[in-house]
Amino acid sequence: MEQDSHKGLVNISDRVISAIIGYAVMDTPGIAGMSGSTVTGNLAKRLGGKISKKGLSVEVTEEDVAIHLQVIINYGYAIQEVCKSVQQNVRSAVENMLGLTLGVVNIRVEKLALP
């Protein structure tokens, strides 16, 4: 991702963007981890305009950013509440740290982590 500043160009690595989103997800109570198949990940890596990491896909356009997450939720947590918290945490991190407008945060619950 590149942004123009008054004195030059700022380039933020895909790894940094993935790390910010990953930390925001993992910092959410009720999240056991992120999930993703290698087939989906490898396919997403080949497509232009996307950042892909296990359980994370980011599409950056000129207007906004779309984030797609695959998560594992701990047993005993209210799934809807955890997902809402993830969406809020990710939105806050992306907008505050990267200065981007976040369009959507789509979440797919892949697994339930049993105690």
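Numbering of residues starts from 1 in each chain and follows the order in which that chain's sequence is written. For a predicted model such as this one, the threshold for reporting local features is a pLDDT of at least 70, and the threshold for listing and counting side-chain atom pairs is 80 or more; totals across whole chains, interfaces and linings nevertheless cover every residue. Hydrogen atoms and water are omitted, and side-chain values are computed over all heavy atoms in the structure.

Novice: Lay out the environment of V82 with the relevant residues and their values.
Specialist: The helix count covers DSSP runs of H or I at least four residues long, the strand count covers runs of E at least two residues long, and both are numbered beginning at the N terminus. Mapped onto the secondary structure, V82 falls in helix 3 (residues 79-98). The exposure class assigned to V82 is buried, which follows from its relative accessible area of 4%. Along the chain, V82 and V25 lie 57 residues apart, while their C-alpha atoms are 9.9 Å from each other. If near-sequence neighbours (up to four positions away) are discounted, V82 is found in contact with T28, P29, G30, I31, I73 and Y77. Burial status follows relative accessibility: with a 1.4 Å probe on protein chains alone, a residue under 20% of its type maximum counts as buried, one over 50% as exposed, and anything between as partly exposed. Residue contacts are counted whenever heavy atoms from the two residues lie within 4.5 Å of one another.

Novice: How would you summarise a nonpolar patch on the surface if you had to cite specific residues and measurements?
Specialist: Together, Y75, I79, V109, L112 and L114 give the surface a local cluster of nonpolar side chains, amounting to about 490 Å² of exposed area. Turning to its location among the elements, V109 is positioned in strand 7 (residues 102-113). Judged by its relative accessible area of 34%, V109 is partly exposed. Here, patches come from residues exposed beyond 30% relative accessible area and free of salt bridges, joined within 9 Å for like charges and within 5 Å for nonpolar side chains (Val, Leu, Ile, Met, Phe, Trp, Tyr). Here the Shrake-Rupley method, with its probe set to 1.4 Å, supplies the accessible areas, and only the displayed protein chains count as covering residues. By definition, a salt bridge exists where a carboxyl oxygen of Asp or Glu is found within 4 Å of a side-chain nitrogen of Lys or Arg.

Novice: Go over helix 3 with me, naming the residues and quoting the values.
Specialist: Residues that lie three or four places apart on an α-helix share one face, since the helix turns once every 3.6 residues. Along its 20 residues, helix 3 runs 28 Å from first to last C-alpha, staying within 8% of the 28 Å computed at 1.5 Å per residue. Buried within helix 3 we find V82, C83, V86, V90, A93, V94 and L98. Seen end-on, helix 3 carries its buried residues on one side only, within an arc spanning 100°. Opposite its buried face, helix 3 presents the exposed residues Q80, Q88 and N96, each directed more than 90 degrees away. One or two steps after helix 3, the chain reaches G99, where phi turns positive at roughly 70°. What a helix is expected to span follows from its residue count: subtract one and scale by 1.5 Å. Read the arc as the range of directions from the helix axis to the C-beta atoms.

Novice: Tell me about the nonpolar core, residues and numbers included.
Specialist: Soluble, globular proteins show a tendency: their nonpolar side chains are buried together. Working definition of a nonpolar core: buried Ala, Val, Leu, Ile, Met, Phe, Trp, Tyr and Cys residues. They are joined through side-chain atoms within 4.5 Å. Membership of the largest hydrophobic core comes to 25 residues, with the highest contact counts inside it found for I21, V25, I67, L69, V90 and V94. Elements supplying a minimum of two residues to this core: helix 1 (14-26), strand 3 (31-34), strand 5 (56-60), strand 6 (65-74), helix 3 and strand 7. It is helix 3 that provides the largest number of residues to this core, a total of 7 residues.

Novice: Residues and numbers for helix 1, please.
Specialist: Between the first and last C-alpha of helix 1 there are 18 Å, a value that for 13 residues agrees with the 18 Å anticipated at 1.5 Å per step. Among the residues of helix 1, I17, S18, I20, I21, G22, A24 and V25 are the ones counted as buried. For helix 1, the capping residue at the N-terminal end is S13, with a side-chain oxygen 3.1 Å from the backbone nitrogen of R15. Polar contacts, as used here, are pairs of N or O atoms within 3.5 Å; protein pairs need one atom able to donate a hydrogen and one able to accept it. Residues neighboring in sequence count only if both atoms are side-chain atoms.

Novice: Give a detailed account of the packing of helix 1 against helix 3, specifying residues and quantitative values.
Specialist: For any two helices packed against each other, one specifies the crossing angle of their axes together with the interaxial distance. Axis separation between helix 1 and helix 3 bottoms out at 8 Å; the angle between their running directions is 145°. The handedness of the crossing between helix 1 and helix 3 comes out as right-handed. The segment helix 1 lies against helix 3, with I17, I20, I21, A24 and V25 engaging V86, N89, V90, A93, V94, M97 and L98. Split into classes, the residues belonging to the contact of helix 1 with helix 3 amount to 11 nonpolar, 1 polar and no charged. Axis lines are fitted to C-alpha atoms, over the contacting stretch for helices. Their N-to-C directions set the angle, which ranges from 0 to 180 degrees. Two helices that cross are described as forming a left-handed crossing if the nearer one is turned anticlockwise from the farther one by less than a right angle, and a right-handed crossing if clockwise. Charged residues are taken to be Asp, Glu, Lys and Arg, nonpolar residues to be Ala, Val, Leu, Ile, Met, Phe, Trp, Tyr, Cys and Pro, and polar residues to be all remaining types, Gly included.

Novice: Please give an account of the pattern of salt bridges that cites residues and values.
Specialist: As enumerated under the stated definition, the model contains 2 salt bridges in all. Of the charged contacts, one joins E95 and R91 as a salt bridge, the two residues approaching to 3.6 Å between their closest N and O atoms. In this pair, E95 and R91 are both assigned in helix 3, 4 residues apart and thus about one turn of the helix distant. Among the salt bridges present, the one from E110 reaches R108, with a minimum N-O distance of 2.5 Å. Taking relative accessible area as the criterion, E110 reaches 33% and is therefore assigned partly exposed. The class of R108 is exposed, set by a relative accessible area of 54%.

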